[in-house]
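What the coordinates show
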There are 6 protein chains.
Amino acid sequence: RYGQAEADNQIGAATGLAYTQAGGDTLSIEISLFKGTGKLTLTGKLGDVMKESAQAAFSYIRSRADELKIEQDFHEKYDVHIHVPEGATPKDGPSAGITMATALVSALTNRPVRKEVGMTGEITLRGRVLPIGGLKEKALSAHRAGLKTIIIPEENNKDLEDIPESVRKGLKFIKVKHLDEVLEHALLPEKVSQS
Amino acid sequence: RYGQAEADNQIGAATGLAYTQAGGDTLSIEISLFKGTGKLTLTGKLGDVMKESAQAAFSYIRSRADELKIEQDFHEKYDVHIHVPEGATPKDGPSAGITMATALVSALTNRPVRKEVGMTGEITLRGRVLPIGGLKEKALSAHRAGLKTIIIPEENNKDLEDIPESVRKGLKFIKVKHLDEVLEHALLPEKVSQS
Amino acid sequence: RYGQAEADNQIGAATGLAYTQAGGDTLSIEISLFKGTGKLTLTGKLGDVMKESAQAAFSYIRSRADELKIEQDFHEKYDVHIHVPEGATPKDGPSAGITMATALVSALTNRPVRKEVGMTGEITLRGRVLPIGGLKEKALSAHRAGLKTIIIPEENNKDLEDIPESVRKGLKFIKVKHLDEVLEHALLPEKVSQS
Amino acid sequence: RYGQAEADNQIGAATGLAYTQAGGDTLSIEISLFKGTGKLTLTGKLGDVMKESAQAAFSYIRSRADELKIEQDFHEKYDVHIHVPEGATPKDGPSAGITMATALVSALTNRPVRKEVGMTGEITLRGRVLPIGGLKEKALSAHRAGLKTIIIPEENNKDLEDIPESVRKGLKFIKVKHLDEVLEHALLPEKVSQS
Amino acid sequence: RYGQAEADNQIGAATGLAYTQAGGDTLSIEISLFKGTGKLTLTGKLGDVMKESAQAAFSYIRSRADELKIEQDFHEKYDVHIHVPEGATPKDGPSAGITMATALVSALTNRPVRKEVGMTGEITLRGRVLPIGGLKEKALSAHRAGLKTIIIPEENNKDLEDIPESVRKGLKFIKVKHLDEVLEHALLPEKVSQS
Amino acid sequence: RYGQAEADNQIGAATGLAYTQAGGDTLSIEISLFKGTGKLTLTGKLGDVMKESAQAAFSYIRSRADELKIEQDFHEKYDVHIHVPEGATPKDGPSAGITMATALVSALTNRPVRKEVGMTGEITLRGRVLPIGGLKEKALSAHRAGLKTIIIPEENNKDLEDIPESVRKGLKFIKVKHLDEVLEHALLPEKVSQS
Ligand SMILES: [Ca+2]
Ligand SMILES: [Ca+2]
Ligand SMILES: [Ca+2]
Ligand SMILES: [Ca+2]
Ligand SMILES: [Ca+2]
Ligand SMILES: [Ca+2]
Ligand SMILES: [Ca+2]
Ligand SMILES: [Ca+2]
Ligand SMILES: [Ca+2]
Ligand SMILES: [Ca+2]
Ligand SMILES: [Ca+2]
Ligand SMILES: [Ca+2]
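In short, a report on the structure. In this convention, every chain numbers its residues from 1, walking through the sequence in written order. Ligands are numbered from 1 and chains lettered from A, in the order in which they are written. Only residues with pLDDT of at least 70 are given local features in this predicted model, and only at 80 or more are side-chain atom pairs given and counted; all residues enter the totals for whole chains, interfaces and linings. To get the side-chain values, all heavy atoms of the structure are used, and hydrogens and water are removed first.

**Brief notes about the sheet that holds strand E1 (residues 13-20) of chain F**
Adjacent strands of a sheet form backbone hydrogen bonds with each other and so pair up, either parallel or antiparallel. Residues and elements named next belong to chain F. Where we set the bar: At least two DSSP bridges between two strands are required for those strands to pair. Only runs of H or I of at least four residues qualify as helices and only runs of E of at least two qualify as strands under DSSP, and these elements are numbered from the N terminus. Fitted lines through C-alpha atoms give the axes, limited to the stretch in contact for helices. The angle between two N-to-C directions lies from 0 to 180 degrees. Contacts are assigned to residue pairs with any non-hydrogen atoms lying within 4.5 Å of each other.
Taken in spatial order, the seven strands line up as E3-E4-E2-E1-E5-E8-E9 in an open sheet, and their pairing is mixed. Both outer strands of the open sheet, strand E3 (40-43) and strand E9 (172-176), are each paired with one neighbouring strand and no more. Taking the axes of each pair of neighbouring strands and ignoring which way they run, one obtains an average angle of 25° across the sheet. Across six bridges, the pairing between strand E2 (residues 23-35) and strand E4 (residues 78-83) is antiparallel. Its bridge partner lying in E4, Ile31 is registered against Ile82. Set on the sheet, helix H3 (residues 97-109) makes contact with E1, E2, E4, strand E5 (117-119) and strand E8 (149-153); between it and E2 the angle comes to about 30°.

What follows is the structure in structure tokens.
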């Protein structure tokens, strides 16, 4: 089952790009935030590397809470559930790191994620964005899913030449070195609830 | 041992549809709710994917407690035991997601589940219903068990043509995209206890 | 080592029937109840399915405490140890479910279990009794052990014909659909301690 | 390394008899009791069955604390460490059950264990003593170690004929059905400390 | 992907040298420190030996807190997350011990790590620095990454002769016996924040 | 890497003797003691038997705290970290038992361990010292490392004859039956700190 771009700008959900033996695919990252005591739940048949990736994203956001306009003590006031649908499909690797960080910042700041944006990149504890594998296949799946923009690690610039011209023309590639740039391009301003 | 439709509209029990190497079968999901401290127990030889599926169902309901007319703090006021009988049979996969969600809402709202309804579909953290495999075999087992209506993911519409005409005529198929639609078709109004 | 019927009506001990590759055997379920904090200990080289079976029995009794004349909060006031002797023999499967439930109710209500009764059947969260395998071998071992009555799931009625006539005549078979019937036939009135 | 009978009547230590592929051997069970909070530590490369055996012994004693003149709440006032020396040798099976129970009662009542006594037998939650394997080899090792008396399950009576006459004559066999009998024969009166 | 020296002197990040089947590589150790309750998180696909190495580094620092001008109770006032990027690459062995210790002291004292320094060496509970393997390959990768100085265990002095002259001339080797010497050469004075 | 005798009399560190497939080696046991809550950490790639050995040593010392002039409640007032360096080398077996006990008593009493002493022997809960394997190889490594005295179990007396005369003459062998004797020969009087 091939992925599709989201129909709306979502809060707490972002679109990643996966690379498996079967080729590329889009990956939906969903986050629910609950008033709670700091429990982190990770589901969706995630491998250890992907789970550690979520922890790195979480710690980065915790270390930058002030700058991100997030409550300093969010990590102990909320329970966070990160789920990656299509629960029967095993998922692993660090390349969803920036997607999980983006969805988490979105959920914590009430800022929607642009629905036409996909992204791929490993995140480190200091927010650096490290290169990933399978960029060509990921770009193909992003294109097929109807995404318009994909955010990629700057160190993957050299792999753009491998992507077929037709696909390359249909996508805007944003090359980044740090999560700050990811958030700038992926998030919309805070959604104010109407009453 | 083939399943059978429930004899009565039950509170806290719903009928799912399973697809195994041996073909399709119905699957009873039983839930007991206790005044407690928020412990979740899952039994019935469930695989990891099915357990994660229960967690996703649980989180979805927690995130929508108000709309579902459930106490906001149910997750810490009750112990929940989800059991899937025929304890010797291994069960796995995400397709019981909407069945577990339905049984849980039933238990928490005191609304009975219609006894003639079966259902199958993966649930995500936001309540979306994702497609499943083995629809043909599941429909056959639902028919054999005497069910009248089965709720399926809209994305499985294309698989209806594979079901033998005789079975297709004996069942009403309700295609859904979101758990809200599942609950609307599967639950009866709250049962008021007589005193 | 073949089992034998108990010499006395016991409180907190019931006789199950097991079916292994080596044939049928009786199975003693022993329960000790302690003033405590709700810890459940399961010993006797029990497999996961048998342990889940004990949890289902426990939850059923917890959900029916009032009707069974058991203190509502027994699950947090007592530590419960369920042991199945002959600790070197691996035991598994759900068919000791009703035996564990019966021994537990006996221990909690101070009602002795009739020493001439054996039983086999899976229990669900709602107390339904589901069919089991190996009825013929179980009946043979019950007969050999000197039991007079065995309680079986109603759905196993069709398997009675496979039991040799000599054994069938020496045993009274009670067919049940629900644990309530099991308790009715297996338990004696509360034993009043003499002082 | 062959075992030897203890040089003194010890408190909190008893001699069991093991049966391994290499033949029979004596087994020292050592217990240390600490003012604590009820932690149970089991060491000596013990298999799961032997650990469960220790739990059964512990529960039996807890259920009979009054009759054994042990403080009712010993299980939460003391930390108990049970160790079986020769830590590199794997040990398993339920036949050290009565030895662990005896050492534990000794430690809790301050009554020394007779140094010339060895024992073997499975214990159940109600203190029944069940038969064991390898009696012949166990008797040989007891004899070699200089023990004078060995306590065995009554159901093993039939195996005495397999023990060589010379060994049988050098040992007194006490056949028991219940732990009460074991304690009666293995324990001396409480040792009063001199000041 | 070959490592590169850091662009700036970092607080809480140090550069180690790894030796894998594929040759040598640099290894970034990142540390985040949070006001917390003493939780230690280790991520980056670290093997057990590397995790134990982190624990030894942690305990050494705890035992020397006063001399290192670190708050005595840091271990219970902060949560520490140690992450080693390139999360898909398995990492193991004790040779990152002094790197983890250095990054941790840096984070706790606010002293930056010199960006041109790499290091390798096992750390013990008393701060001794033990020899490591693969010095030649590690030196090559340090050189390639643009590092200027590498700190090595004194016991590895004998392995310097194996490093090609061109590489040996481009690097300054500091041989140490104790972590104190490592810190002296790797850390800059405390960075005073400007306001 | 062959071991060497310590350069100084250390507090909280003792030298054991290991026997591996590669022959004998010395083994450094390092202990750090922290004001804490009773947490025991064991690192250095230790196998289960060696970990249990540490627990036995710990319990023996706890049971004899008064006689050893150690605070009765040390086990809940301190965190203890026991580390065995050369973290990449797997270590197992019970023969480091008396070494761990000696290092622990040293740390708790502030008495230095004589630097010229090595030791090997299993410890039981009552402080008995049981025989070990590989005495010949262990003696060779002790000699090579420059140790002068080695403490061995009395039951290993018979193995002394297997040690080459040259080595036997260079070492003093102290044969012991109980940990009390080990401590007497290995520990110096309490070190009084100068101010
Ligand atoms: Ca997909
Ligand atoms: Ca290229
Ligand atoms: Ca079935
Ligand atoms: Ca089709
Ligand atoms: Ca049997
Ligand atoms: Ca039949
Ligand atoms: Ca032995
Ligand atoms: Ca015989
Ligand atoms: Ca690299
Ligand atoms: Ca060399
Ligand atoms: Ca060595
Ligand atoms: Ca010899």
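**Observations concerning the relation of the copies chain A and chain B**
Quick reminder of the rule: Least squares is the method used to superpose the copies, on C-alpha atoms of residues holding a pLDDT of at least 70 in both.
Of the transformation superimposing chain A on chain B, the axial component is 0.0 Å and the angular component is 60°, with the fit at an RMSD of 0.0 Å. These values place the two chain copies in the arrangement generated by a six-fold rotation axis.

**Digging into the environment of Gly118 of chain A**
All names here are of chain A. By the element assignment, Gly118 lies in strand E5 (residues 117-119). Along the sequence, Gly118 and Arg168 sit 50 residues apart, while their C-alpha atoms lie 14 Å from each other. Those residues within four positions of Gly118 in sequence are excluded, and the remaining contacts are Thr15, Leu147, Thr149, Ile150 and Ile151.

**Brief notes about the interface of chain A and chain B**
Definition in use: Take the accessible area each of two parts loses on contact, using a 1.4 Å probe, and add the two losses: that sum is the buried area. A pairing counts as a salt bridge when a side-chain nitrogen of Lys or Arg comes within 4 Å of a carboxyl oxygen of Asp or Glu. A 3.5 Å cut-off defines polar contacts: any pair of N or O atoms within that distance qualifies, except that in protein one atom must be a possible hydrogen donor and the other a possible acceptor, and neighbouring residues in sequence count only when both atoms are side-chain atoms. The classification used treats Ala, Val, Leu, Ile, Met, Phe, Trp, Tyr, Cys and Pro as nonpolar, Asp, Glu, Lys and Arg as charged, and all other residues, Gly among them, as polar.
Across the boundary between the two partners, chain A contributes 24 residues, which contact 17 residues of chain B. When chain A packs against chain B, close to 1,600 Å² is buried across both sides, 48% of that on carbon and sulfur atoms. It is Arg1, Glu30 and Phe34 of chain A that lose the most area in chain A upon contact with chain B, and together they represent 34% of the buried surface on that side. As a salt-bridge pair, Asp79 of chain A and Arg62 of chain B come within 2.9 Å of each other at their nearest N and O atoms. At the surface where chain A touches chain B, the tally comes to 14 residue pairs in polar contact (both at pLDDT 80 or more). Contributing elements (two or more residues each) for the side of chain A that touches chain B: strand E2 (23-35), strand E3 (40-43) and strand E4 (78-83) of chain A. Looking at the side of chain A that touches chain B element by element, the count peaks at six residues for E2 of chain A. Here the residues of the side of chain A that touches chain B are counted per class, giving seven nonpolar, 11 polar and six charged.

**So, the packing of aromatic side chains**
All names here are of chain B. For the record, the criterion: Ring pairs are drawn from Phe, Tyr and Trp, using the six-membered ring of Trp, whenever the two centres fall within 6.5 Å, and their geometry is named by plane angle: stacked under 30 degrees, edge-to-face over 60, tilted for the rest. Whether a residue is buried, partly exposed or exposed follows from its accessible area with a 1.4 Å probe, protein chains only, as a fraction of its type maximum: under 20%, in between, or over 50%, in that order.
All told, the structure shown has six aromatic pairs over all chains when counted by the stated rule. When the ring of Phe58 is compared with that of Phe74, the centres are 5.4 Å apart and the planes differ by 50°; the resulting orientation is tilted. On the criterion of sequence distance, the pair formed by Phe58 in helix H1 (residues 48-63) and Phe74 in helix H2 (residues 74-77) is long-range, its members being 16 residues apart. Looking at Phe58, the relative accessible area reads 13%, which means it is buried.

**Thoughts on the arrangement of the chains**
There is a gap between chain A and chain C: no contact, and a shortest C-alpha distance of 22 Å. Where chain B comes nearest to chain E, the C-alpha atoms are still 22 Å apart, and the two do not contact one another.

**As for the pairing of E8 of chain F**
Along any regular strand, the residues point their side chains to alternate faces of the sheet. All names here are of chain F. Along E8, five of the five residues are buried, which leaves the element largely enclosed by surrounding structure. In the sheet, E5 pairs with E8 via three bridges, with the strands oriented parallel. Directly across from Met119, in E8, lies its bridge partner Ile151. Across five bridges, E8 lies against E9 in parallel orientation. Within E9, the position partnered with Ile151 by the bridge is Ile174.

**Quick notes on the sheet that holds strand E8 (residues 149-153) of chain A**
Residue and element names in this part refer to chain A. Strand order in this open sheet of seven strands is E3-E4-E2-E1-E5-E8-E9, and the pairing throughout is mixed. Edge strands, defined here as strands with exactly one partner in the open sheet, are E3 and strand E9 (172-176). The average angle at which neighbouring strand axes cross in this sheet is 25°, direction not considered. Across two bridges, the pairing between strand E1 (residues 13-20) and E5 is parallel. What sits directly across from Thr15, in E5, is Gly118. This element, helix H4 (residues 135-144), spans E1, E2, E8 and E9 of the sheet and lies at about 75° to E2.

**Quick word on the interface of chain F and chain D**
In this complex, chain F contributes 17 residues to the contact, which on the side of chain D involves 24 residues. Here chain F packs against chain D, burying approximately 1,600 Å² in sum over the two surfaces, 48% of which is carbon and sulfur. If you look at where chain F meets chain D, you find two salt bridges. Along the contact surface separating chain F from chain D lie 14 residue pairs in polar contact (both at pLDDT 80 or more). Examining the composition of the side of chain F that touches chain D, we find that seven residues originate from one element, helix H1 (residues 48-63) of chain F, more than from any other. Its residues assigned to classes, the side of chain F that touches chain D comprises seven nonpolar, four polar and six charged.

Function-wise, these values are silent; they only describe arrangement.
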